[in-house]
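Topology and contacts: notes
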Amino acid sequence: MKGKPFSLIKFRTMRLPRPGENIYLTDSERVTKLGNFLRNYSLDELPELINVLKGDMSLVGPRPLLMEYLDLYTEEQKRRHDVKPGITGWAQVNGRQNITFSKRFDYDVWYVDNMSFWLDLKILCLTIKKVFIKEGVITGQSISDVDDIGLLMAASNDDLERGNINDLWGKS
């Protein structure tokens, strides 16, 4: 909460860039066969349950992003850190990978303002539905398709090479 750093536990679904390879490749060019399966069924998020048990995350809340992006948020967008990050959230059930980062942040702030047990229950039910019908899973989308606030430009090569770009996507 409040942008407190923690280590997000996830399965690696993309291979590291090869020497001299463009690090800004689309998922379809770097995702592994196992990674594709894990992503299609949203199984790549299961290790985050450990983060929930440790108290770093909640089941529902804004998806965590890299610390390097904190300075890029507007004051309004920073409000997404007023609650614990979640495995799934309002943005994930209202577009998942099909919406821009700024729209995701709008949904995150809306969630902060409207958070309740019943809303969390609704989000969890919608998440289960979307996982079973595989709605919003896009393998092959370029991050530039949804990055309307310049997060990719702020990403360091080290973050991308460590595979942290998956966190930037804010997948559910």
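Each remark here, short or long, concerns the structure printed above.
What counts and how
- Residues numbered from 1 in each chain as written.
- Predicted model: local features only at pLDDT ≥ 70, side-chain atom pairs only at ≥ 80, totals over all residues.
- Heavy atoms only, no water.
- Helix = DSSP H or I, 4+ residues; strand = E, 2+ residues; numbered from the N terminus.
- Buried < 20%, exposed > 50% of the residue type's maximum accessible area, 1.4 Å probe, protein only.
- Contact = heavy atoms within 4.5 Å.
- Areas by Shrake-Rupley, 256 points an atom, 1.4 Å probe, with all protein chains shown as cover.
- Expected span 1.5 Å × (residues − 1).
- Polar contact = N/O pair within 3.5 Å; in protein donor to acceptor, adjacent residues only side chain to side chain.
- Phe/Tyr/Trp six-rings, centres within 6.5 Å; stacked < 30°, edge-to-face > 60°.

What follows concerns the overall build of the protein chain. Across its full length, the protein chain holds 10 helices and 2 strands. Ordering the α and β elements of the protein chain from the N terminus gives α-α-α-β-α-β-α-α-α-α-α-α. Relative to its 172 residues, the protein chain shows a buried fraction of 48%. Within the protein chain, contacts between residues at least 6 apart in sequence are counted, and of these 76% link residues at least 24 apart. Total accessible area on the protein chain is roughly 8900 Å²; 59% of this is exposed by carbon and sulfur atoms.

This brings us to unusual backbone geometry. Here Ser42, not a glycine, exhibits a phi torsion of approximately 55°, which is positive. Residue placement: Ser42 occurs in the loop between helix H2 (33-40) and helix H3 (48-54). Look at Ser42 and you get buried, because its relative accessible area is 11%.

Taking 1.5 Å per residue, 14 residues should reach 20 Å; helix H6 (residues 101-114) reaches 20 Å between its end C-alpha atoms and fits that length. Taken residue by residue, H6 has Phe101, Arg104, Phe105, Tyr107, Asp108, Val109, Tyr111 and Val112 as its buried positions.

Right, let's talk about the side chain of Asn51 for a bit. Summarising the element assignment, Asn51 is placed in helix H3. Overall, Asn51 belongs to the buried group, its relative accessible area being 0%. Reaching out from Asn51, the side chain makes a polar contact with the backbone oxygen of Ser7 at a distance of 2.8 Å. In this structure Asn51 touches Phe6, Ser7, Leu8, Ile9, Asp56 and Met57, once residues within four positions along its chain are discounted.

The next thing to look at is the packing of aromatic side chains. As enumerated under the stated definition, the model contains 4 aromatic pairs in all. On the numbers, 4.8 Å between centres and 20° between planes, the contact of Trp90 with Trp110 is stacked. Taken together, the residues span a long stretch of sequence, with Trp90 in helix H5 (residues 90-93) and Trp110 in helix H6 at a distance of 20 residues. Trp90 sits in the buried class, given a relative accessible area of 13%. Between Phe117 and Trp118, the aromatic rings sit 5.0 Å apart at their centres with planes inclined by 75°, giving edge-to-face as the arrangement. On the accessibility criterion, Trp118 (63% relative accessible area) is exposed.

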